[in-house]
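Fold and contact review
One-letter residues, chain by chain:
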Amino acid sequence: MFVTTHTVYKTFATEQRRAFVRITEDVQDAVSESSIAEGMVLVSAMHITAGVWVNDDEPGILEDTLEWLDKLAPPSWRPPANDVARELLPDSGDYRHHRGGEDNGDAHLKNLLVHHQVVLPVTAGRLDLGPWQAVFYAEFDGRRRKRLVIKVMGE
Amino acid sequence: MFVTTHTVYKTFATEQRRAFVRITEDVQDAVSESSIAEGMVLVSAMHITAGVWVNDDEPGILEDTLEWLDKLAPPSWRPPANDVARELLPDSGDYRHHRGGEDNGDAHLKNLLVHHQVVLPVTAGRLDLGPWQAVFYAEFDGRRRKRLVIKVMGE
Amino acid sequence: MFVTTHTVYKTFATEQRRAFVRITEDVQDAVSESSIAEGMVLVSAMHITAGVWVNDDEPGILEDTLEWLDKLAPPSWRPPANDVARELLPDSGDYRHHRGGEDNGDAHLKNLLVHHQVVLPVTAGRLDLGPWQAVFYAEFDGRRRKRLVIKVMGE
C-alpha cells in the first residue's frame, strides 16, 4: 500500500495555569479524517512548557498528578509545598532561567517528566488504546494560546 | 517502496505486583515476521499502570530502579520508604484516586515517569539498538492479565 | 506515495561527564537529505546512560536541569546534594549496579527520566517544531564515544 499522512493542529488557551485537557476524541478525529487504517499517530506539544500524557480520565488521578508534579518540579512563584519541594528547587532558591524575567522554570521540568509527545497505534482505522487509556494535553504554563500537532502516518 | 505494517499483541500476568519483563526478542520477532527492512516499531503498553523501558538487562539496575520508583511515586498501601517518599505522597496521606476503591495510585505515577511506550528503529530487518539496550515491559500493578501492542511500520 | 526512509548515525564524545548537546540542525539535515516532505523522524540514543530532550536552548534551563537531575537521580561517586538526594540513593548508600565495578547507576535513572528517544513531525520537508523547541542529545556518562541514530520515514 501507498503511505498517507495527515496533519492537524490544535490550539489551547487554558483558563488555569496548569491543566489536563482530554484530547482522545481530537486524535481519533484526525485518524478518521486521514482514512488511514493501519499506522501510527504522533501527538506532540509544540511548546517547552507542556506535554502529552496517556492515562486514566479520572479526576482524582489528574489532581493527584498535579499536586505531585508541583513537589517534584516546584514552582518558585509560590512557597514550596514541603521540604522535598524546597530541596528540589535550585540551591539558590530560584531557577537560573528566571534571570531573563521568566517565572516558568518549573514548567520546563514538568515537560521533561511528562514528555512532550506520544506515538499511538492505529489499527483498523481506530486508535488502538486499552480501555482505560485516554490522551491528555498537559498544560504547565497556560492562560495563552499554545499549539499541538497531530500527525497520522500509515496505509 | 510500499508501506507495510504488522501488529502483534502480547499478554502478561506477572506473579509480582511490580516487575520488569524482558521483551527484546518478542519485539525482534514481530519485526522479523513483518518482513520490514527499514522503519520503526512502536511498543506500547495498553494500560495506565504499566510502561515500556529500554535499558540494561542487569539485575542490579532493575532492582535499583524499583526501589527508587517506590520513593518517587510511593505506594500508599505500605509505609513510605523514608521522608522523601512520605512527602511525595499526597498531602492527605492517600491518593484521591483511591476514593473509588483502587489502591494503585502510585502505579499511575510510575507510568508517567517510565512512559507507556517507545518507538525503536528498524534497520536491515533488525532492531537497531545499541549493544546494551534491552526492551522491558514494566509492570507496576500486575498479578492479572495485561496487554501490550507491538506495531511495525516501514518498507 | 511510496514510503521512504533515511538513516543517519551521529557520534558524540563529550568532554564533560554530563552535557546537553544541541542537535536540532543535525536532525533537520537528516530530514533534508531524505527528501521526505511529510512524515516522522525518530531520534534515539543508542545507550542506556543518555537521552534525547526537546526543550529551550537557554543556558539557564540546561544548568537548572542538570542540578535538578542530580538531586532526583543522585550520583554515588560524590556527596549527595542534600537530604532529598541522599534519600533517593539506594537505602544501602550505593547502587546495586555498582557491584560489577560501574559507577554510573545515576545515569541509568536519568535516562529513565529524560527518555532515550523522541519522535518529531516532518511537514513540508521541515522539522515541525514550535519556535522555542530545540533538540538535545543528553549525555549522562560521557567522555567516551557514544552513538545516536536518526531515522526519517515518510513520503
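In what follows, the structure referred to is the one given above.
Residues numbered from 1 in each chain as written. Chains lettered and ligands numbered in written order. Predicted model: local features only at pLDDT ≥ 70, side-chain atom pairs only at ≥ 80, totals over all residues. Heavy atoms only, no water.

**Re the overall build of chain A**
Along its length, chain A carries four helices and eight strands. Overall, chain A shows an N-to-C arrangement of helices and strands of β-β-α-β-β-α-α-α-β-β-β-β. With respect to the principal axes defined by its C-alpha atoms, chain A has extents near 55 × 30 × 25 Å. Every one of the 155 residues in chain A was classed for burial, and the buried ones make up 67%. Long-range pairs, those at least 24 residues apart, make up 81% of the contacts in chain A with a sequence separation of at least 6. Accessible surface, chain A as shown: approximately 5,500 Å² in total, 48% of it carbon and sulfur. Charge separation in chain A, taken as the distance between the mean sites of 17 positive and 24 negative side-chain charges, equals 7 Å. (Helix = DSSP H or I, 4+ residues; strand = E, 2+ residues; numbered from the N terminus. Buried < 20%, exposed > 50% of the residue type's maximum accessible area, 1.4 Å probe, protein only. Contact = heavy atoms within 4.5 Å. Areas by Shrake-Rupley, 256 points an atom, 1.4 Å probe, with all protein chains shown as cover. Lys, Arg positive; Asp, Glu negative; His and termini not counted. Charge placed at Lys NZ, Arg CZ, Asp CG, Glu CD.)

**What about the interface of chain B and chain C?**
With 41 residues of chain B at the interface, the matching set in chain C holds 36 residues. Contact between chain B and chain C buries roughly 3,500 Å² in total, counting both sides, with carbon and sulfur atoms accounting for 61%. Linking chain B with chain C are five salt bridges. Here D91 of chain C and K71 of chain B are joined by a salt bridge, their closest N and O atoms 2.9 Å apart. Summed over the shared surface of chain B and chain C, the number is 24 residue pairs in polar contact (both at pLDDT 80 or more). Examining the composition of the side of chain B that touches chain C, we find that nine residues originate from one element, helix 2 (residues 59-72) of chain B, more than from any other. Its residues placed into classes, the side of chain B that touches chain C shows 20 nonpolar, 11 polar and 10 charged. (Buried area = accessible area lost by both parts, 1.4 Å probe. Salt bridge = Lys/Arg side-chain N within 4 Å of Asp/Glu carboxyl O. Polar contact = N/O pair within 3.5 Å; in protein donor to acceptor, adjacent residues only side chain to side chain. Nonpolar A, V, L, I, M, F, W, Y, C, P; charged D, E, K, R; others polar.)

**Considering the relation of the copies chain B and chain A**
Rotating chain B by 120 degrees and translating it 0.0 Å along the rotation axis places it on chain A, where the RMSD comes to 0.0 Å. Put plainly, the chains are arranged around a three-fold axis. (Least-squares fit on C-alpha atoms with pLDDT ≥ 70 in both.)

**Considering the interface of chain B and chain A**
With 36 residues of chain B at the contact, the number on the chain A side is 41 residues. For the pair chain B and chain A, the summed buried area comes to about 3,500 Å², and 61% of that belongs to carbon and sulfur atoms. Counting the surface chain B buries against chain A, the share from its top three residues, E87, R96 and L112 of chain B, is 19%. Counting the contacts that link chain B with chain A gives five salt bridges. Close ionic contact of E63 of chain A with R96 of chain B constitutes a salt bridge, the shortest N to O distance being 3.1 Å. Our count for the contact surface shared by chain B and chain A stands at 24 residue pairs in polar contact (both at pLDDT 80 or more). Looking at the side of chain B that touches chain A, the elements that each hand over two or more residues are strand 1 (4-12), strand 3 (39-45), helix 3 (83-88), helix 4 (105-114), strand 5 (117-123) and strand 8 (146-154) of chain B. Here the side of chain B that touches chain A takes five residues from helix 4 of chain B, the largest share from any one element. Here the residues of the side of chain B that touches chain A are counted per class, giving 22 nonpolar, 10 polar and four charged.

**What about the sheet that holds strand 4 (residues 50-55) of chain B?**
Residues and elements named next belong to chain B. Pairing is antiparallel across the open sheet formed by three strands, whose spatial order is 2-7-4. The outermost strands of the open sheet, each flanked by one partner alone, are strand 2 (19-22) and strand 4. Put simply, the sheet's adjacent strands are angled 30 degrees from each other on average, direction ignored. Alignment of strand 4 against strand 7 (residues 134-139), held across six bridges, turns out to be antiparallel. By the bridge assignment, V52 is partnered in strand 7 with Y137. (Pairing = 2+ DSSP bridges. Axes fitted to C-alpha atoms, helices over the stretch in contact; angles between N-to-C directions.)

**Quick notes on the side chain of R96 of chain A**
Structurally, the position occupied by R96 of chain A is in the loop between helix 3 (83-88) and helix 4 (105-114). When residues no more than four places from it in sequence are discounted, the contact partners of R96 of chain A are G60, E63, D64 and E67 of chain C.

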